[in-house]
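Residues per chain are reported as follows:
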Amino acid sequence: MLSALSDASLVQMAAEIDAAFSKGAKVHLCRPFGDVAGGQGLVDTALGPLWTSFPDVERRVDISIRGEDALGQDWVGEAGQYAGHFAHSFLDIPSTGRLAFVRFHEFFRLEAGEVVEMQMIWDLPDLMMQAGVWPMGPALGRTGLVPGPMTQDGLRQSGDGAHALRVVGDMLDRLHLSPQGEGAMDLPRAWHPRCSWYGPGGIGTTRGLRGFRQHHQIPFLDAMPDRRGLVDQGHFFAQGDYVGFTAWPGMEMTLSGGGWLGLPPTGAEITMRSLDFWRVEGDLIRENWVTVDLLHVWDQLGVDVLARMRQLL
C-alpha cells in the first residue's frame, strides 16, 4: 500500500487503502480531522481531499522503519512529504498554484497483514506558511522544508535497533529528573553537539544544543514546567539506527507560564500529541524529527487556528 501511494490516482489510492486496512481499524488523525473508522474514513476525511487539492500528489518517504513495541505489537513508521501542484484549496488554505509540501509522520499497527490502527500528524501550520496565511506568531526556529537523514539511509534500515532504543530510552528516563532550565534532561549525555531537531511549523527546526535550548526547550519548559511524558502509555519501536515513538496523547501539562508560541499563562491543563523519529549515531542522538498537533494545542485553549486563518482571506 505505502509503495503504491508514492504515485497513485485518487481511485487507485482509495483502492489501496481499502485493501490494506481492516474494516474496524482505529484511525487517529490530527486536528481538524479527528478520529475516524477504517480506511474509508481516512479516505473520506483526509486523503481524498488532499488528492483533490494536489491532483498529481506524490508520497515521498524519507524514513521508514518497522519493529515490535514492548507488547509485541508490530508497527511501521514513516516520515516524509506529500508533494505536488497545490491546485485547489485544502481545508480552506488557499492554493499556491505551485509545488507545495505537506510534511507527514504516519504510524501503522499491523495484525495478520492488515492495518488495525493508524496515527497521523500532518504539518498543516507549515502548509499555511507556504500559502502565506499563517495567522499565529512566528516560529523561533527555522521554518521550511525539513530534510531527510544526513546519512540518506532512512529507507535502508535493518536489525532490531536495540542499541538505538537504549540511547533514546536513557535520554527520556531523565525527562523528569530536572524539571526545567538550562540543565533539563542533561542533554550533552545523549545528544550530539551538532544535533538537528526538526520541529513542526510554528516551532521550527533548531541546530545544536544551544539552538535547541534557546528556540524550543527553555520556552517550552518555562511555560509548562510540570509537563509529564506519557511514555508508559506509548509505543517505542526501532530498526537499525532509528527509533520511533507514538502515544495519543504523548504528554500532559499545565500552561502556567508564558513565552511558548506567544501563549499567555492561562493555567489550562492540556495534552499534546506528537509522533517522533530519532537517528542515533554511536552513543548519541544526531537527528530528531518531531511533528506536533499544534492545532489541537490551540483548540484546547479555545482558539480555532483555521477559523482565524479564514479571517485573512
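Remember, it's a predicted structure, so these values are computed and weren't measured experimentally.

What counts, and where the lines are drawn
Residues numbered from 1 in each chain as written. Predicted model: local features only at pLDDT ≥ 70, side-chain atom pairs only at ≥ 80, totals over all residues. Heavy atoms only, no water. Helix = DSSP H or I, 4+ residues; strand = E, 2+ residues; numbered from the N terminus. Rg over C-alpha atoms; globule rule 2.2 N^0.38 Å. Buried < 20%, exposed > 50% of the residue type's maximum accessible area, 1.4 Å probe, protein only. Contact = heavy atoms within 4.5 Å. Areas by Shrake-Rupley, 256 points an atom, 1.4 Å probe, with all protein chains shown as cover. Lys, Arg positive; Asp, Glu negative; His and termini not counted. Charge placed at Lys NZ, Arg CZ, Asp CG, Glu CD. Pairing = 2+ DSSP bridges. Axes fitted to C-alpha atoms, helices over the stretch in contact; angles between N-to-C directions. 1 Å grid on protein atoms, 1.4 Å probe; cavity = no way out; pocket = protein on both sides within 12 Å on 5 of 7 lines; lining within 4 Å. Points joined across faces, edges and corners; volume = space filled by probe spheres on them. Nonpolar A, V, L, I, M, F, W, Y, C, P; charged D, E, K, R; others polar. Phe/Tyr/Trp six-rings, centres within 6.5 Å; stacked < 30°, edge-to-face > 60°. Salt bridge = Lys/Arg side-chain N within 4 Å of Asp/Glu carboxyl O. Parallel < 35°, antiparallel > 145°, perpendicular 65-115°, else oblique. Left-handed = near helix turned anticlockwise from the far one by under 90°.

1. As for the overall build of the protein chain
Thinking step 1. Of the regular secondary structure elements, the protein chain holds seven helices and 13 strands.
Thinking step 2. For 313 residues, the compact-globule formula gives about 20 Å, and the C-alpha radius of gyration of the protein chain, at 19 Å, lands near that figure.
Thinking step 3. Taking the principal axes of the C-alpha coordinates as reference, the protein chain spans close to 50 × 50 × 35 Å.
Thinking step 4. Across the 313 residues in the protein chain, those meeting the buried criterion constitute 55%.
Thinking step 5. Within the protein chain, contacts between residues at least 6 apart in sequence are counted, and of these 66% link residues at least 24 apart.
Thinking step 6. Only carbon and sulfur atoms are counted for the fraction: they give 50% of the accessible area of the protein chain, which is about 12900 Å².
Thinking step 7. Side chains of the protein chain carry 25 positive and 38 negative charges; the gap between the two charge centres is 6 Å.

2. Examining the sheet that holds strand 6 (residues 114–122)
Thinking step 1. Spatially, six strands are ordered 2-1-6-5-4-3 in an open sheet, and the strand pairing comes out mixed. Two strands bound the open sheet, and with one partner strand each, they are strand 2 (35–37) and strand 3 (58–68). Across the sheet, the axes of successive neighbouring strands diverge by a mean angle of 15°, strand direction being ignored.
Thinking step 2. Bridge count between strand 3 and strand 4 (residues 74–85): 10 bridges; the pairing is antiparallel. If you follow isoleucine 65 over to strand 4, its bridge partner there is glycine 77.

3. Digging into the layout of surface pockets
Thinking step 1. A volume near 210 Å³ is recorded for the largest pocket.
Thinking step 2. Going through the elements one at a time, strand 3, strand 4, strand 5 (99–111) and strand 6 are the ones with two or more residues in the lining of the largest pocket.
Thinking step 3. Its residues assigned to classes, the lining of the largest pocket shows seven nonpolar, three polar and three charged.

4. A look at the packing of aromatic side chains
Thinking step 1. A full pass over the atoms with the stated rule returns 18 aromatic pairs.
Thinking step 2. Ring centres of phenylalanine 220 and tryptophan 260 lie 5.3 Å apart, and the angle between their planes is 85°; this geometry places the pair in the edge-to-face category. With phenylalanine 220 in helix 5 (residues 208–223) and tryptophan 260 in the loop between strand 11 (242–254) and strand 12 (269–281), the pair connects residues that are 40 residues apart, well separated along the chain.
Thinking step 3. Residue class for phenylalanine 220 comes out buried when judged on its relative accessible area of 7%.
Thinking step 4. The buried category is assigned to tryptophan 260, whose relative accessible area is 4%.
Thinking step 5. Taken together, the aromatic side chains of Phe33, Trp51, Tyr82, Phe90, Phe104 and Trp122 make up a single cluster linked through ring pairs.

5. Thoughts on the pairing of strand 1 (residues 21–29)
Remember that side chains alternate between the two faces of the sheet whenever the strand is regular.
Thinking step 1. With five bridges connecting them, strand 1 and strand 6 associate as parallel partners. Paired with valine 27 across the bridge in strand 6 is methionine 118.
Thinking step 2. Taken together, the three bridges between strand 1 and strand 2 define a ladder with antiparallel strand orientation. Residue lysine 26 lies in a different strand from strand 2, and its bridge partner there is alanine 37.

6. A closer look at the pattern of salt bridges
Thinking step 1. Going through the model one piece at a time under the given rule, you end up with 14 salt bridges.
Thinking step 2. The residue arginine 66 makes a salt bridge to aspartate 74 at a minimum N-O spacing of 2.5 Å.
Thinking step 3. Given a relative accessible area of 43%, arginine 66 falls into the partly exposed group.
Thinking step 4. Put simply, arginine 109 and glutamate 111 hold a salt bridge, and the shortest N to O gap is 2.9 Å.
Thinking step 5. By relative accessible area, glutamate 111 is classed as partly exposed at 43%.

7. Considering the packing of helix 1 (residues 10–20) against helix 2 (residues 38–53)
Thinking step 1. Where helix 1 contacts helix 2, the axes come no closer than 10 Å and their chain directions differ by 155°. Classed by the angle they form, the pair helix 1 and helix 2 counts as roughly antiparallel. Two packed elements cross with a definite hand, and for helix 1 against helix 2 that hand is right-handed. Listed contacts from helix 2 to Leu10, Met13, Ala14 and Ile17 of helix 1 are Gly39, Leu42, Val43, Leu47, Gly48, Trp51 and Thr52.
Thinking step 2. A class-by-class count of the residues in the contact of helix 1 with helix 2 yields eight nonpolar, three polar and no charged.

8. Brief notes about empty space enclosed by the protein
Thinking step 1. What the rule picks out here adds up to five cavities of 30 Å³ or more.
Thinking step 2. Approximately 100 Å³ is the volume found for the second largest cavity.
Thinking step 3. As for the second largest cavity, its lining consists of 15 residues, and the residues nearest its centre are Arg103, Asp123, Asp126, Gly144 and Val146.

9. Points about unusual backbone geometry
Thinking step 1. Omega for the peptide link from arginine 31 to proline 32 comes to 15°, which places this bond in the cis form.
Thinking step 2. As for its placement among the helices and strands, proline 32 is situated in the loop between strand 1 and strand 2.
Thinking step 3. With omega at 5°, the peptide bond leading from tryptophan 248 into proline 249 counts as cis.
Thinking step 4. Within the fold, proline 249 resides in strand 11.
Thinking step 5. The phi angle at leucine 91 is positive, at roughly 55°, despite the residue not being glycine.
Thinking step 6. In this structure, leucine 91 sits in the loop between strand 4 and strand 5.
Thinking step 7. The partly exposed category is assigned to leucine 91, whose relative accessible area is 24%.
Thinking step 8. Phi angles above zero are rare outside glycine, and aspartate 92 is one such case at about 70°.
Thinking step 9. With respect to the secondary-structure elements, aspartate 92 resides in the loop between strand 4 and strand 5.

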